[in-house]
Amino acid sequence: MADTTATPTTMPAVGGGSGGQGGDGKLVETTLVKWHFLMGIAFLLVSMLAGLLYSMQFLQHYPLKGIAIFSPGRWRFVHTNGVAYGFIANVFLGMLHWVVPRLTLRPVASRALSYFIFFTWQGVLVATVVGLLLGEAQALEWGETPVWIDPVALLGLILVAINFFVPMMKTTGPMYVTMWYFMAAFVWTVLVYAMGNFLPEYHMNGVAAGAIGGLFIHDLVGLFVTPLGWGMMYYFVPIILRKPIWSHGLSLVGFWGLAFFYPLNGIHHFLYTPIPMFLQYGAVISTIAVELVVTTVIVNFFMTLRGSGDQLRTSIPIRWFYTGMVFYFTTCLQCAFQTTLTFQKIIHFTDWVVGHAHLVMFGVFGFWLLGLMVYLLPRVMGRDRWYSESLHEWHYWITAISMLIMFFDLTIAGLIQGYMWRDLAPWEETLRASAPFWLVRSISGTAMIFAQFIFAYNVLMTLIGKRAKQPAGEVSPASQEGYATA
Amino acid sequence: MPAAAPDKDRAQRITLIVFLVVFLLPAAVGFAIKLYEFMAVANGATSEGTFMLVPVLNYFIVFMGMLCMLAWATTNGMFRDIEKPKFDMLERERQLDESEGVLWDVFSSDNHSSNKSTD
Ligand code: HEM
Ligand code: HEM
């Protein structure tokens, strides 16, 4: 049992990190990182197109009317499941294959298992899309995956946990915060998935099943996406900035705060329901407590950036990361209001919530994952640099601006809808008032998709471009500029 | 800037304590109240909400797991030298990168003086 806290004197082969060559004894299986990233990008494009398609229904110009497999509701599921399990989960898996071995200095438990998980996961995703399009969705929010896929997906998650736990458990000594987040995420994700997909399906009904549903939705975003996202930021930001995180102690306060208070939040999805009021109040209060947890994270990252602000200009990954953090703070501030019963009266069921969902899922975690891929893709593809640096600028600016437009558009639409409903305006009138906002959503969505195609083009051209001139292990410092564009 | 180091330490410690007091304490009180109300429901003091026992129990199971982990971490000295892991992680990564030929040209020893802890 080696102590990972001690600085190692001999480094294991990293697996041709920059060159991507195979070979035994390597630490990181770069091919897998690359495959997960590429599949993540593919699912991002497909699910965004699905979102755009569905948004046409709101404009009453749905292009594929009357064809069962193109019925808009089914494409909404493809959109939401695609972004969560196809884009976010795939890129996270790639990231874990890079980070865990480097943090623990040990490869994953089994490389064969990693490949098995990769193919199983893509199989689960394709089966989910096909099942949803054939109308086999379950009536469970965020658990719409066809019922026969649930056990396979759960098995996949257990295998993922085992594969990464083995190297983690072999380390000794005080752990870096990223490891805390990852370890907890593996356990939580398995538990949350089992709870959300099996309890309401087989054991419970009525309001209790609803409460479990709420717990499931929130725990999925809070105990799967959030810890992996934060853990990833605590790892990559110091590395790119070349300086340690401001306060490791504070980062641990954030971790334990998340661990104890996030699971209490679930019921804030079902305020004003028959769920007992003491639980609803409890959820509101613990949601506000989580805001403070989030603040610890934000404070830590901005204190770390102090003195390195120019990196926001020169390093594209850092720019994605910190834009995501600003959005995170924005959306969490928004959440502190939206979770109160006063705001709930107005905004529940409106587009305000959809605005929140997009800002946090894409504007925060999506942006972090894009930054990660900008940083790592050339290395795992064995390239010196990106095909084009200016395409990164286009990608960043179009995405960030269209994301902001979509967020404000949906937030304002939500407020208008909420107030009109409160004042008992006729339904048709509220639809008419919402229509311009839905048009703006579709337009900003189109811009967002366009930007992702720019990124995909840059990836493709980098991939088919020249391999790194130097063999693995001899990449010049200049190649770093490929990741930190000037 | 070696002279600034003690100030930085102090700032970190104060921030840590402020956050602990500002949110861990109220959250602990809130949690105790919830626990009390939950017990009341379970004991049948109120008929309202017995159907919520399973969902809430679910939370407690996870909570107990986290509590065990916290106890294990504390007894295993995970928080003893609390700032050390951040320096180790960075140093390890620098060595890994350099073993691949990716040199950390802007790496500042000021930021990151080997395994020295600030605590
Ligand atoms: C501390 C931060 C957060 C708070 C306080 C918060 C609060 C809320 C609340 C109160 C709702 C329900 C609104 C309603 O239906 O009236 C909601 C919905 C939602 N949140 Fe969050 N949220 C937070 C973070 C996140 C994160 C990190 C994600 C994603 C990674 C996320 C994704 C969502 C989604 C997708 C919904 C819509 C769920 C649905 O389909 O019904 N949230 N959030
Ligand atoms: C091309 C841009 C996009 C468009 C046009 C779009 C459109 C839509 C539409 C029309 C809905 C349904 C809202 C409703 O039922 O009222 C939706 C839901 C959702 N989308 Fe998107 N979307 C886009 C990109 C994304 C991305 C990139 C993500 C995440 C990475 C995402 C995450 C979600 C989530 C989580 C929901 C569920 C919200 C809820 O239930 O409250 N979307 N989107």
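Residues numbered from 1 in each chain as written. Chains lettered and ligands numbered in written order. Predicted model: local features only at pLDDT ≥ 70, side-chain atom pairs only at ≥ 80, totals over all residues. Heavy atoms only, no water.

A look at helix α2 (residues 72-104) of chain A
All names here are of chain A. Definition in use: Secondary structure elements are taken from DSSP: a helix is a run of H or I of four residues or more, a strand is a run of E of two residues or more, and numbering for both begins at the N terminus. Between the first and last residue of a helix there are one fewer steps than residues, each counted as 1.5 Å, and that sum is the expected span. Bend is the name given here to the angle between axes fitted to two runs of seven residues, the run ending at a residue and the run starting at it. Here the term buried applies to any residue with accessible area under 20% of the maximum for its type, exposed to any over 50%, and partly exposed to those in between, with areas from a 1.4 Å probe on protein chains only.
For α2, spanning 33 residues, the distance from its first C-alpha to its last is 46 Å, which sits close to the expected 48 Å at 1.5 Å a residue. At Gly82, α2 shows its strongest bend, of approximately 40°. Within α2, 29 of the 33 residues are buried, which leaves it mostly tucked inside the rest of the structure. One or two positions beyond α2, positive phi appears at Leu105, with a value near 60°.

Remarks on the nonpolar core
All names here are of chain A. Inclusion rule: Residues belong to one nonpolar core when they are buried, are Ala, Val, Leu, Ile, Met, Phe, Trp, Tyr or Cys, and are joined through side-chain atoms within 4.5 Å. Two residues qualify as a contact provided that any one of their heavy atoms is within 4.5 Å of a heavy atom in the partner residue.
By size, the foremost hydrophobic cluster in this structure holds 159 residues, and its most contacted members are Phe182, Phe236, Phe321, Tyr328, Trp368 and Leu377. When residues of this core are assigned to their parent elements, the largest contribution, 22 residues, is made by helix α6 (residues 206-241). Once residues within four sequence positions are removed from consideration, Phe182 is found in contact with Met95, Leu96, Val99, Val100, Met168, Pro227, Leu228, Gly231 and Met232.

A short note on helix α5 (residues 177-203) of chain A
Compared with the 39 Å implied by 1.5 Å per residue over 27 residues, the 37 Å span of α5 of chain A between its first and last C-alpha is a close match. Burial runs high along α5 of chain A: 21 of the 27 residues are buried.

Section: the site of ligand 1
Residue and element names in this part refer to chain A. Which entries qualify depends on this criterion: Residue proximity to a molecule or strand is established when one non-hydrogen atom of the residue lies within 4 Å of it. Under the rule applied, a polar contact is a pair of N or O atoms within 3.5 Å (in protein, one hydrogen donor and one hydrogen acceptor; residues adjacent in sequence only if both atoms are side-chain atoms). When residues are sorted by character, Ala, Val, Leu, Ile, Met, Phe, Trp, Tyr, Cys and Pro go into the nonpolar class, Asp, Glu, Lys and Arg into the charged class, and all the rest, Gly among them, into the polar class.
Ligand 1 sits among 25 residues. The nearest are Glu141, Cys335, Gln338, His348 and His356. Contacts to ligand 1 include Trp142, whose side-chain N or O atom sits 3.2 Å from an oxygen atom. Elements with a minimum of two residues in the shell around ligand 1: α6, α8 (277-305), α10 (316-338) and α12 (351-381). In terms of residue count, the dominant contributor to the shell around ligand 1 is α12 (six residues). Of the residues belonging to the shell around ligand 1, the class tally is 13 nonpolar, ten polar and two charged.

Topic: the site of ligand 2
All names here are of chain A. Condition: Note that the domain bounds reflect an automated or database-derived domain assignment.
Of all residues adjacent to ligand 2, which total 20 residues, the nearest are Arg76, His79, His358, Gly445 and Ile449. One of the side-chain N or O atoms of His79 is found 2.7 Å from a nitrogen atom in ligand 2. Taken together, the elements giving at least two residues each to the shell around ligand 2 come down to α1 (30-58), α2, α12 and α14 (427-464). Sort the elements by how many residues they give to the shell around ligand 2 and α1 lands first, with six residues. Grouping the amino acids of the shell around ligand 2 by side-chain chemistry returns twelve nonpolar, six polar and two charged. Taken domain by domain, the makeup of the shell around ligand 2 includes at least three residues from each of domain 1 (24-173) and domain 2 (309-467).

A short note on the packing of α2 of chain A against helix α4 (residues 150-169) of chain A
All names here are of chain A. The cut-off we apply is this: Orientation is described by lines fitted to C-alpha atoms, with helices fitted over the stretch in contact, and by angles between N-to-C directions that extend from 0 to 180 degrees. Oblique is the label for every angle not falling under 35 degrees (roughly parallel), over 145 degrees (roughly antiparallel), or within 65 to 115 degrees (roughly perpendicular). By definition, any crossing whose near helix is turned counterclockwise from its far helix by less than a right angle is left-handed, and any crossing with a clockwise turn is right-handed.
In the contact formed by α2 and α4, the axes pass within 9 Å of each other and the chain directions differ by 20°. In terms of axis orientation, α2 runs roughly parallel to α4. The interaxial crossing formed by α2 with α4 has left-handed handedness. Along the contact surface, α2 presents Leu93, Leu96, His97, Val100 and Thr104, while α4 presents Val160, Asn163, Phe164, Pro167 and Met168.

Topic: the coordination of the iron atom of ligand 1
Under the convention used in this document: Here the term donor refers to an N, O or S atom within 2.8 Å of the metal (or 3.2 Å for Na, K and Ca), and because water is left out of the atoms, sites may appear incomplete.
Just one protein atom donates to the iron atom of ligand 1; it is His356 of chain A (NE2), sitting 2.2 Å from the metal. Within the fold, His356 of chain A resides in helix α12.

Observations regarding the pattern of salt bridges
How we decide: Salt-bridge detection follows one rule: a side-chain nitrogen of Lys or Arg within 4 Å of a carboxyl oxygen of Asp or Glu.
Throughout the structure, instances matching the rule amount to 13 salt bridges over all chains. Ionic pairing is found between Glu100 of chain B and Arg102 of chain A, a salt bridge with its closest N-O pair at 3.0 Å. Within this pair, whereas Glu100 of chain B is found in the segment after α3 (84-99), its partner Arg102 of chain A is found in helix α2, the two belonging to separate chains. With respect to burial, Glu100 of chain B and Arg102 of chain A carry one shared label: buried.

Let's talk about the coordination of the iron atom of ligand 2
Residue and element names in this part refer to chain A. Which entries qualify depends on this criterion: In this scheme the shape depends on donor count and angles: four donors with every angle between 85 and 135 degrees give tetrahedral, four or six donors with opposite pairs above 155 degrees and others between 65 and 115 give square planar or octahedral in turn, and any other case is irregular.
In this structure, His79 (NE2) and His358 (NE2) serve as the protein donors to the iron atom of ligand 2, at separations of 1.9 to 2.0 Å. Classification of the site at the iron atom of ligand 2 as octahedral follows from its six donor atoms and the range of 86 to 179° in their angles at the metal. On the criterion of sequence distance, the pair formed by His79 in helix α2 and His358 in helix α12 is long-range, its members being 279 residues apart. Residue His79 is classed as buried on the basis of its relative accessible area, which comes to 16%. Classification of His358 by relative accessible area gives partly exposed; the value is 23%.

Comments concerning the environment of Ser55 of chain A
All names here are of chain A. As for its position among the elements, Ser55 is in helix α1. Residue Ser55 is classed as buried on the basis of its relative accessible area, which comes to 4%. The contacts of Ser55, once residues within four sequence positions are left out, are Arg441 and Ser442. A polar side-chain atom of Ser55 sits 2.7 Å from the main-chain carbonyl oxygen of Leu52.

A word on the domain arrangement of chain A
All names here are of chain A. Rules: Here the quantity called buried area is the total loss of accessible area, with a 1.4 Å probe, experienced by two parts when brought into contact, counted for both.
Considered domain by domain, chain A is made up of domain 1 (24-173) and domain 2 (309-467). Each of domain 1 and domain 2 has a C-alpha centre, and these two points are 20 Å apart. With both sides pooled, the region where domain 1 packs onto domain 2 buries about 2400 Å², and carbon together with sulfur makes up 87% of that total. For the interface between domain 1 and domain 2, the tally reads zero salt bridges. Taken together, domain 1 and domain 2 are joined by one residue pair in polar contact (both at pLDDT 80 or more). Those elements giving two or more residues to the side of domain 1 that touches domain 2 turn out to be α1 and α2. Ranked by residues supplied to the side of domain 1 that touches domain 2, first place goes to α1 with 13 residues.

Quick word on the packing of aromatic side chains
Worth spelling out the cut-off: The aromatic pairing rule takes the rings of Phe, Tyr and Trp, using the six-membered ring of Trp, and pairs them if the centres are within 6.5 Å, calling planes under 30 degrees apart stacked, those over 60 edge-to-face and the rest tilted. Criterion for a charge above a ring: Arg CZ or Lys NZ at most 6 Å from the ring centre, at most 35 degrees from the ring normal.
Per the counting criterion, the structure on display carries 38 aromatic pairs over all chains. Taking the centre distance of 5.5 Å and the plane angle of 45° together, the rings of Trp35 of chain A and Phe118 of chain A count as tilted. Note that Trp35 of chain A is positioned in helix α1 and Phe118 of chain A in helix α3 (residues 111-133), a separation of 83 residues in sequence. Measuring from centroid to centroid gives 5.6 Å for Phe337 of chain A and Phe343 of chain A, while their planes differ by 40°, and the two rings are tilted. Cluster of aromatic residues (ring-pair linked, three or more members): Trp180, Tyr181, Trp188, Trp230, Tyr234, Phe255, Trp256, Phe301, Tyr328, Phe365 and Trp368 of chain A together with Phe79 of chain B. It is Arg319 of chain A that lies over the ring of Tyr396 of chain A; its NZ or CZ is 5.0 Å from the centre. The ring centre of Phe58 of chain A lies 4.6 Å from the NZ or CZ of Arg441 of chain A, which sits over that ring.

Thoughts on the confidence of the model for chain B
All names here are of chain B. Heads up, the rule is: Residue-level confidence of the predictor, termed pLDDT, takes values from 0 up to 100.
Averaged over every residue, the pLDDT of chain B is 72; residues scoring 70 or more account for 66%. Below pLDDT 50 for its whole length, residues 107-119 participates in 32 contacts with residues either more than four positions away or in separate chains. This prediction of the complex comes with two scores: 0.87 for pTM and 0.82 for ipTM.

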